[in-house]
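Below, each chain spelled out in residue letters.
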Amino acid sequence: EQQQLMQAIDGRIVELCLDQNGTHVVQHLLACFMPASTDSIFFAVAENIMQVAHHPHGLCVLKKCISKAKLNEQYYNLLLACLAQHAVD
């Protein structure tokens, strides 16, 4: 079921991150789903980190991603590298 839901929102994750209600959906998925099911969230946020980080709702998702990524070194390093790359922007 988790994979089916993630497939349904694939390609719309950033849109959900920036939406007033969608941000709660993405944060809930990060909190409740198995880490293997949330890969696409981390990759979408990392690929669009500037857009996500500069939006109030997106920033909440980014913070949740960083919190959850502490349990997975791969995601943590990915997010930190993206943030470091754009630190002066």
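So, here is what we can say about the structure in this document.

Conventions and cut-offs
Residues numbered from 1 in each chain as written. Predicted model: local features only at pLDDT ≥ 70, side-chain atom pairs only at ≥ 80, totals over all residues. Heavy atoms only, no water. Phe/Tyr/Trp six-rings, centres within 6.5 Å; stacked < 30°, edge-to-face > 60°. Helix = DSSP H or I, 4+ residues; strand = E, 2+ residues; numbered from the N terminus. Buried < 20%, exposed > 50% of the residue type's maximum accessible area, 1.4 Å probe, protein only. Axes fitted to C-alpha atoms, helices over the stretch in contact; angles between N-to-C directions. Parallel < 35°, antiparallel > 145°, perpendicular 65-115°, else oblique. Left-handed = near helix turned anticlockwise from the far one by under 90°. Contact = heavy atoms within 4.5 Å.

## Topic: the packing of aromatic side chains
Alright, step 1. Tallied over the full model, the rule gives two aromatic pairs.
Alright, step 2. Their ring planes at 5° and their centres at 4.2 Å tell us that phenylalanine 42 and tyrosine 75 sit as a pair that is stacked. Here the residue phenylalanine 42 occupies a position in helix α4 (residues 39-47), and tyrosine 75 occupies one in helix α7 (residues 73-85), the gap between them amounting to 33 residues.
Alright, step 3. Classification of phenylalanine 42 as buried rests on a relative accessible area of 2%.
Alright, step 4. Seen from their ring centres, phenylalanine 43 and tyrosine 75 are 6.0 Å apart, and the 80° between their planes marks the pair as edge-to-face.

## Let's talk about the packing of helix α6 (residues 56-69) against α7
Alright, step 1. α7 packs onto α6 with a crossing angle of 140° between their chain directions and a minimal axis gap of 8 Å. The angle between α6 and α7 falls in the class oblique. Considering the relative orientation of α6 and α7, their crossing is left-handed. Contacts between α6 and α7 involve Leu62, Cys65, Ile66 and Ala69 on the former and, on the latter, Glu73, Tyr75, Tyr76, Leu79 and Leu83.

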